[in-house]
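Listed below, chain by chain, are the residues.
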Amino acid sequence: MAIKVLKPGLATTVQDLGRPGYYHIGIPLSGGMDRHALAAANLLVGNEEGAAVLEAVFMGPELEFTDDALVAVTGAELPPKLDGAPRETWSSFKVKRGQKLSFDFLKQGARAYIAVSGGIDVPVVLGSRSTYALGALGGFRGRKLEAGDALPVGASSASVKEGRTIAKDLRGLPAGIPTELRAMPGLYWHRITEQAGNGFFSDTWKVAPEADRIGYRFKGGKPLEFVPREPPFGAGSDPSNITDACYPYGSIQVPGGTEPIVLHRDAVSGGGYFMVGTVIAADMDLIGQLQPNTPVRFVTVGMDEALAARHDRAGLLAKLRSSLA
Amino acid sequence: MQTRFSFGGDEHIFAEVDESMSLEAFFKSLFITNAVRDAKIKGVTEICPANASYQVKFDPDQIKPDDLLTELKRLDRAAEKSEPVIKTRIFEIPVLYNDPWTHETLMRFRERHQDPNCTDIEYAARINNLDGIDGFIKAHSSAPWFVSMVGFVAGLPFLYQMVERQRQIQAPKYLRPRTDTPKLTVGHGGCFGCIYSVRGAGGYQMFGITPMPIYDPSQKISYLRDFMCLFRPGDIVKWKPIDRAAYDAAVVDVDAGRFAPVIRDVSFSLTEFNRDIDAYNRKLEGVLHGH
């Protein structure tokens with residue numbers, strides 16, 4: 001079976017849980033930016049948690065099904081419509097052959113995950129079906145969807161009922177204004193003054209328009225003041241430059257000391273900007289659901305708190321699993 | 001050199017071997033990352049060497065962050081004692097310097113450059129006290145370069161010239177990054193050279209272009225069938241200046257699947273290299289040309 005793409009949406013890509021193992025040659029993990037929502041969508045339709053789905057950002061695609069399927073939409077509040085009739089998000093529903101799936105305007109969040117029973121069956125490249133658009137790798141022909149594409153869908157093994165839903169408290173979405181992102185100071189933290197470091201964590205930042213799968217840029221906080229230095233050979237003359245180094249996922253670089261950028265799943269693997277620290281793994285999903293202009297605060301945490309948060313996040317997915325079992 | 005360690009969140013350990021770039025710092029990061037790979041530590045998922053630093057990604061559900069840190073510190077101390085010799089590969093990469101495609105692009109972004117009244121190669125020649133374009137090409141292509149890091153985007157090599165620090169070409173990045181760079185541009189920023197593996201944004205000075213693809217996700221290029229990225233950290237590159245006719249012929253050969261890059265296995269000793277750099281580089285060139 002296949003899904004015909006009538007309208008592609010803004011930047012809809014095929015994603016699964018990613019492609020580890022190639023970061024040392026510049027090929028990033030990729031995969032869903034909100035992995036919790038991606039897993040939830042798959043579980044609702046009876047797929048493996050890491051099956052390939054569609055990630056739609058800000059705006060949904062319009063799709064025509066050539067066969068019957070079970071579908072679920074999770075993540076952002078991007079209400080699905082089946083032949084024009086509304087369907088619930090975070091809930092599985094049947095689609096009949098020939099029916100059209102479209103979407104209403106975005107109500108909340110940023111990225112919706114559209115899972116289809118059987119999973120999107122594009123070729124596995126280096127162990128994953130995820131799209132890495134910058135490298136024209138994986139996904140559907142290495143790029144975002146276009147009108148006229150025909151997406152292959154795998155055979156559905158499981159037979160699960162339609163109408164199963166995921167409770168609100170198991171969805172793991174950002175809550176509270178401003179959104180709090182927990183981060184561990186480190187990496188090149190010593191490059192900025194103590195006052196600048198305090199300001200970074202006490203200021204309220206806003207998501208800038210330049211926010212995509214590579215990274216999220218933030219603006220509105222005070223510029224960071226640097227500790228004076230003699231530029232090391234190879235680093236470059238700007239105080240925010242370093243000898244080009246690796247960038248961790250979630251690392252917070254601040255070019256010129258003005259606008260922090262948090263690298264995400266399609267991260268550039270390295271470069272010459274200093275970093276003040278790293279957003280903890282448990283909060284990376286939240287970033288994927290932030291719209292431009294959303295107020296954000298970075299909250300300083302240590303390793304113990306990061307590991308506790310990681311444990312909590314894994315616990316949430318475990319609860320979600322058992323709620324569907 | 002005292003390696004500085006830092007946690008990058010709960011999934012990475014970042015290690016800065018030295019603040020400054022040097023072959024010694026690069027070798028140490030390459031040695032340690034090789035040792036980490038060989039140690040097959042449970043829970044380690046990515047091992048990334050960089051110019052003068054490295055990074056290890058891990059799953060803290062499988063190994064405690066402090067335990068991994070202890071292990072890396074042990075490997076770091078062991079690397080100090082090891083003889084700086086590697087078995088690697090040397091590549092000859094043809095370059096059409098001062099080519100029409102990077103020229104068209106650099107003219108489009110002239111207002112973002114330090115010197116809008118000359119080209120990137122003329123500017124780099126002047127600030128490095130080299131004798132015009134020809135003098136620059138000679139300085140750029142006469143000694144080999146180490147692939148000191150692969151990344152930024154898929155398969156992009158950072159290159160570090162194998163000459164004394166005072167002879168190294170240095171050039172600042174553009175004042176504001178370009179939104180476009182031709183694929184396979186030979187670029188330079190700070191003390192690092194690079195080859196842009198894909199078309200896209202970039203801030204490095206642009207000196208020329210190679211006809212030889214270095215990244216092919218479709219794996220149709222004959223020499224990229226085994227793996228889609230050509231370079232690994234530790235590889236050695238020697239530029240070969242070519243003219244337009246040779247460039248066009250190479251493009252035809254690549255498209256026809258008969259382009260055979262010159263690649264040789266070689267052993268490199270940092271100690272011997274430092275003893276007489278020019279003599280050692282001549283020896284490397286000899287390996288490339290089979291004598």
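Note that the coordinates shown come from a computational prediction; the quantities given were computed from them, not determined experimentally. Numbering of residues starts from 1 in each chain and follows the order in which that chain's sequence is written. All chains are assigned letters beginning at A, and all ligands numbers beginning at 1, according to the order in which they are written. Note on the predicted model: pLDDT of at least 70 is required for a residue's local features to be given, and 80 or more for side-chain atom pairs to be given and counted; whole-chain, interface and lining totals, by contrast, use all residues.

K.L.:
Can you break down helix H6 (residues 244-255) of chain B residue by residue, with the values?
P.N.:
An α-helical turn contains 3.6 residues, so a residue and the one three or four places further along point in the same direction. Starting at the N terminus, helices and strands are each numbered in turn, a helix being any DSSP run of H or I of at least four residues and a strand any DSSP run of E of at least two. One fewer than the residue count of a helix, multiplied by 1.5 Å, yields its expected span. Given a rise of 1.5 Å per residue, 12 residues ought to cover 16 Å, and the 17 Å separating the end C-alpha atoms of H6 of chain B matches this to within 8%. Two residues or fewer past H6 of chain B, Gly 257 of chain B is found with a positive phi of approximately 75°.

K.L.:
Any chance you could break down the domain arrangement of chain B for me, citing the residues and the numbers?
P.N.:
Residue and element names in this part refer to chain B. With domains assigned, chain B is organised as domain 1 (4-82) and domain 2 (87-288). What counts as a domain boundary in this text is fixed by an automatic or database domain assignment. Spacing between the C-alpha centres of domain 1 and domain 2 amounts to 28 Å. Any two residues are considered in contact once their C-beta atoms, placed from the backbone, lie within 7 Å. Taken together, the eight residues of domain 1 in the interface contact nine residues of domain 2. Examining the composition of the side of domain 1 that touches domain 2, we find that four residues originate from one element, helix H1 (residues 23-39), more than from any other.

K.L.:
Explain the sheet that holds strand E19 (residues 275-279) of chain A to me, using residue names and the numbers behind them.
P.N.:
Residue and element names in this part refer to chain A. In this scheme, strands are said to pair when DSSP sees at least two bridges between them. The mixed closed barrel is built from seven strands, whose spatial order is E12-E19-E16-E17-E14-E13-E20. Direction aside, neighbouring strands of the sheet carry axes that sit 40° apart on average. Pairing of strand E14 (residues 215-219) with strand E17 (residues 261-263), which is carried by three bridges, proceeds in the antiparallel orientation. Residue Tyr 216 lies in a different strand from E17, and its bridge partner there is Val 262. Interaxial angle, 0 to 180 degrees, is taken between N-to-C directions of lines fitted to C-alpha atoms, where a helix line uses only the stretch in contact. Seen against the sheet, helix H2 (residues 194-202) touches strand E12 (179-185), E19 and strand E20 (295-300) and runs at an angle of roughly 130° to E20.

K.L.:
Any chance you could break down the domain arrangement of chain A for me, citing the residues and the numbers?
P.N.:
All names here are of chain A. Considered domain by domain, chain A is made up of domain 1 (2-167) and domain 2 (179-315). Here the C-alpha centre of domain 2 lies 29 Å away from the C-alpha centre of domain 1. With 18 residues of domain 1 in contact, the opposing surface of domain 2 contributes 12 residues. Of all the secondary-structure elements, those providing two or more residues to the side of domain 1 that touches domain 2 are helix H1 (35-44), strand E5 (69-77) and strand E10 (108-116). In terms of residues, the side of domain 1 that touches domain 2 owes the most to one element, E10, which gives three residues. Note that Gly is not counted as nonpolar here; it falls among the polar residues with everything else outside the nonpolar set of Ala, Val, Leu, Ile, Met, Phe, Trp, Tyr, Cys and Pro and the charged set of Asp, Glu, Lys and Arg. Its residues assigned to classes, the side of domain 1 that touches domain 2 shows eight nonpolar, seven polar and three charged.

K.L.:
Which residues make up the packing of H1 of chain A against helix H4 (residues 303-324) of chain A, and what are the values?
P.N.:
Residue and element names in this part refer to chain A. At a minimum axis distance of 11 Å, the contact between H1 and H4 shows a crossing angle of 10°. With respect to H4, the element H1 is oriented roughly parallel. Facing H1, whose interface residues are His 36, Ala 39, Ala 40 and Leu 43, H4 presents Leu 317, Leu 320, Arg 321 and Leu 324. Looking at the contact of H1 with H4 residue by residue, the classes come out as six nonpolar, one polar and one charged. Each angle is binned into one of four classes, with values under 35 degrees roughly parallel, values over 145 roughly antiparallel, values of 65 to 115 roughly perpendicular, and all other values oblique.

K.L.:
Give me the lowdown on the interface of chain B and chain A, citing residues and values where you can.
P.N.:
Accessible area lost on assembly of the parts is the figure often given for the size of an interface. Chain B puts 42 residues into the contact, and the matching count from chain A is 38 residues. With five residues, strand E3 (residues 44-49) of chain B is the single largest residue contributor to the side of chain B that touches chain A. Here the side of chain B that touches chain A is composed, by residue class, of 23 nonpolar, 13 polar and six charged.

K.L.:
How would you sum up the environment of Ala 279 of chain B? Please name residues and give values.
P.N.:
Residue and element names in this part refer to chain B. Position of Ala 279 relative to the elements: it lies in helix H8 (residues 277-288). Exposure criterion: with C-beta atoms placed from backbone coordinates, a residue whose C-beta has 20 or more other C-beta atoms within 10 Å is buried, one with 12 or fewer is exposed, and one in between is partly exposed. Judged by the 10 C-beta atoms lying within 10 Å of it, Ala 279 is exposed. Spatially, the C-alpha atom of Ala 279 lies 29 Å from that of Leu 156, the residues being 123 residues apart in sequence.

K.L.:
Tell me about unusual backbone geometry, residues and numbers included.
P.N.:
Residue and element names in this part refer to chain A. For the peptide bond that leads from Ile 177 to Pro 178, omega is -5°, which places it in the cis range. Among the secondary structure elements, Pro 178 is positioned in the loop between strand E11 (150-152) and E12. Despite not being glycine, Trp 90 has its phi angle at roughly 55°, a positive value. In this structure, Leu 126 takes a positive phi of about 50° despite not being glycine. Structurally, Leu 126 can be placed in the loop between E10 and E11. A residue is classified by how many C-beta atoms lie within 10 Å of it, and Leu 126, with 17 of them, is partly exposed.

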